[in-house]
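This is what each chain is made of:
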Amino acid sequence: MGALLALTSALTYGVVDFAGGLLSRRASFRAVTFLGQAGGLLLAGLAAWVMSATSTAPADLAWGALSGMGSAAAMLCLNRGLSRGAMSVVVPVSAVTSVALSVLCGVLLLGDRPGPVAWLGIAAAVPALWLVAGGAAAPGTGVRDGLLASAGVAVQYLALGQAGPDSGLWPVAAGRLAAVLMLLPGAVRHPPRLRPALACQALLVGAGAALGLILYLLAAQRQLLAVAVVLASLYPAVPVVLGLAVLKERVTPRQVTGLLGAALATVLLSLG
C-alpha cells in the first residue's frame, strides 16, 4: 500500500507540474502560483481537519510554515521557468538539485551522515546539471529558475521533516497558509486577473500539489522511508515525457545524457 501511495504521489506531482507549466504559458505565472497555493490551502486544511492528530505543538506549525515559505518560493520560480523554458529541462534540474541540497543541508546543519551511495549521487549530480544547462541556448530556457526553485523545494522538505509525527497534516496546512500570506503582497500589486476557467484550473493545480505532498507523507508512514522517497522522486519523468510527447519538445544528445545522469543522481541521493 505504501509503494502504491508513493507512486501515486509521483504521478500526481508530475501531472501537476505539467499542467502548471502549460497554465503559466497562458496566464501570469504569479497569478497561477498564488491561486495554486490558495487551492492547496483549501485541500490541506480540509484534509487536516478530517484526519485527526494526536497532538500538534506550536513548533510543528512553525516548521510547517517555514516549509510553506520554501514551497511558495519554489513554485514561483518553477512556474516562471516553465512559462518560458522546456519542461524536459526545468523540472529535472529543480528536482535533482533540491535532493542534493537537502542532503548537504542535512550534513551541515542537522548532523546527518550520508553513506557512500548518497555522496556518489552528489558527485553524479554536478556533471548532470552541467550537461543539462550546457545544452540550453539561453537563460530564457528556465535553467536558472529551475535551480532557484530547487532551493525552495529543499527548504520545504527539510522543514517539514522536523514536524512531529503526531501533528497529523496540520503542518502541511500551516505551510499552505504561510505560502498564501507570503505571496499575498505580490498578488495585491499584480491582481490575478484570470478568466474563471483559468482561475479554477490554477486552484485545481494547487490542490493537486497539496495532494501529492499528503500522499508522500502517508506513504512514508506505511513504507520504508528510502523506498517511499525513491518512488516519489520519480515525478520528474512525467512532465519530461509529456513535454516530449505532447509539446514535441526537443533535447540534444548532451541534454539526454544529463537528464539520465540527473535521474541516476536522484535515485542515489534518495537511497543514501
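Residues numbered from 1 in each chain as written. Predicted model: local features only at pLDDT ≥ 70, side-chain atom pairs only at ≥ 80, totals over all residues. Heavy atoms only, no water.

**Observations concerning the overall build of the chain**
Working step 1: Helix and strand content of the chain: 11 helices and zero strands.
Working step 2: When the helices and strands of the chain are listed from N to C terminus, the series reads α-α-α-α-α-α-α-α-α-α-α.
Working step 3: Looking at the chain residue by residue over its 272 residues, the buried ones come to 50%.
Working step 4: In the chain, once contacts between residues fewer than 6 apart in sequence are set aside, the share between residues at least 24 apart is 91%.
Working step 5: For the chain, the accessible surface area stands at approximately 12500 Å², while carbon and sulfur atoms represent 72% of it. (Helix = DSSP H or I, 4+ residues; strand = E, 2+ residues; numbered from the N terminus. Buried < 20%, exposed > 50% of the residue type's maximum accessible area, 1.4 Å probe, protein only. Contact = heavy atoms within 4.5 Å. Areas by Shrake-Rupley, 256 points an atom, 1.4 Å probe, with all protein chains shown as cover.)

**Details of the environment of Ala 123**
Working step 1: For Ala 123, the position within the fold is in helix H5 (residues 116-134).
Working step 2: For Ala 123, a relative accessible area of 47% gives the class partly exposed.
Working step 3: Distance from Ala 123 to Ala 265, taken between C-alpha atoms, is 8.0 Å for residues 142 residues apart in sequence.

**Details of the pattern of salt bridges**
Working step 1: Scanning the model with the defined rule gives one salt bridge in all.
Working step 2: Taking the shortest distance from any N to any O, the salt bridge between Arg 80 and Asp 145 comes out at 2.9 Å. Of this pair, Arg 80 sits in helix H3 (residues 58-84) while Asp 145 is found in helix H6 (residues 143-160), placing the two residues 65 residues apart along the sequence.
Working step 3: Overall, Asp 145 belongs to the buried group, its relative accessible area being 2%. (Salt bridge = Lys/Arg side-chain N within 4 Å of Asp/Glu carboxyl O.)

**Section: the nonpolar core**
Working step 1: Membership of the largest hydrophobic core comes to 30 residues, with the highest contact counts inside it found for Leu 78, Leu 82, Leu 169, Val 172, Ile 214, Leu 217 and Tyr 235.
Working step 2: Counting only elements with at least two residues in this core, the list comes to helix H1 (2-26), helix H2 (29-50), H3, helix H4 (87-109), H6, helix H7 (170-189) and helix H8 (196-222).
Working step 3: Counting residues per element, this core draws most heavily on H8, at seven residues.
Working step 4: Those residues in contact with Leu 217 that sit more than four places away from it in its chain are Leu 160, Leu 169 and Val 172. (Core = buried A, V, L, I, M, F, W, Y, C linked by side-chain atoms within 4.5 Å.)

**As for the packing of H2 against H3**
For any two helices packed against each other, the geometry is given by the interaxial angle and the distance between the axes.
Working step 1: Orientation of H2 relative to H3, taken along the N-to-C sense of each, is 140°, at an axis distance of 9 Å. Of the possible angle classes, the one that applies to H2 and H3 is oblique. For the crossing formed where H2 meets H3, the hand is right-handed. Between H2 and H3, the contacting residues are Phe 29, Arg 30, Val 32, Thr 33 and Gln 37 on the first element and Ser 71, Ala 72, Met 75, Leu 76, Asn 79, Arg 80 and Ser 83 on the second.
Working step 2: Counted by class, the contact of H2 with H3 contains five nonpolar, five polar and two charged residues. (Axes fitted to C-alpha atoms, helices over the stretch in contact; angles between N-to-C directions. Parallel < 35°, antiparallel > 145°, perpendicular 65-115°, else oblique. Left-handed = near helix turned anticlockwise from the far one by under 90°. Nonpolar A, V, L, I, M, F, W, Y, C, P; charged D, E, K, R; others polar.)

**Some words on the packing of H3 against H7**
Working step 1: Remark: H3 packs on H7, axes separated minimally by 6 Å, with the N-to-C direction vectors making an angle of 50°. The angle between the axes of H3 and H7 places the two elements in the oblique class. Our pair here, H3 against H7, has a crossing hand that is right-handed. Across the interface between the two elements, Asp 60, Leu 61, Gly 64, Ala 65, Gly 68, Met 69, Ser 71, Ala 72, Ala 73 and Leu 76 of H3 pack against Trp 170, Pro 171, Ala 174, Gly 175, Arg 176, Ala 178, Ala 179, Met 182 and Leu 183 of H7.
Working step 2: Among the residues making up the contact of H3 with H7, the classes are represented as 13 nonpolar, four polar and two charged.

**Side note on a nonpolar patch on the surface**
Working step 1: Taken together, Leu 46, Trp 49, Val 50, Met 51, Leu 61 and Trp 170 make up a surface patch of nonpolar side chains, about 630 Å² in accessible area.
Working step 2: Sort the elements by how many residues they give to the nonpolar patch and H2 lands first, with three residues.
Working step 3: When you line up the elements, Met 51 lands in the loop between H2 and H3. (Patch = residues over 30% accessible without salt bridge, like charges linked within 9 Å, V, L, I, M, F, W, Y side chains within 5 Å.)

**Comments concerning the environment of Ala 237**
Working step 1: Structurally, the position occupied by Ala 237 is in helix H10 (residues 237-245).
Working step 2: Residue Ala 237 is classed as partly exposed on the basis of its relative accessible area, which comes to 43%.
Working step 3: Separated by 26 residues in the primary sequence, Ala 237 and Ala 263 have C-alpha atoms spaced 8.5 Å apart.

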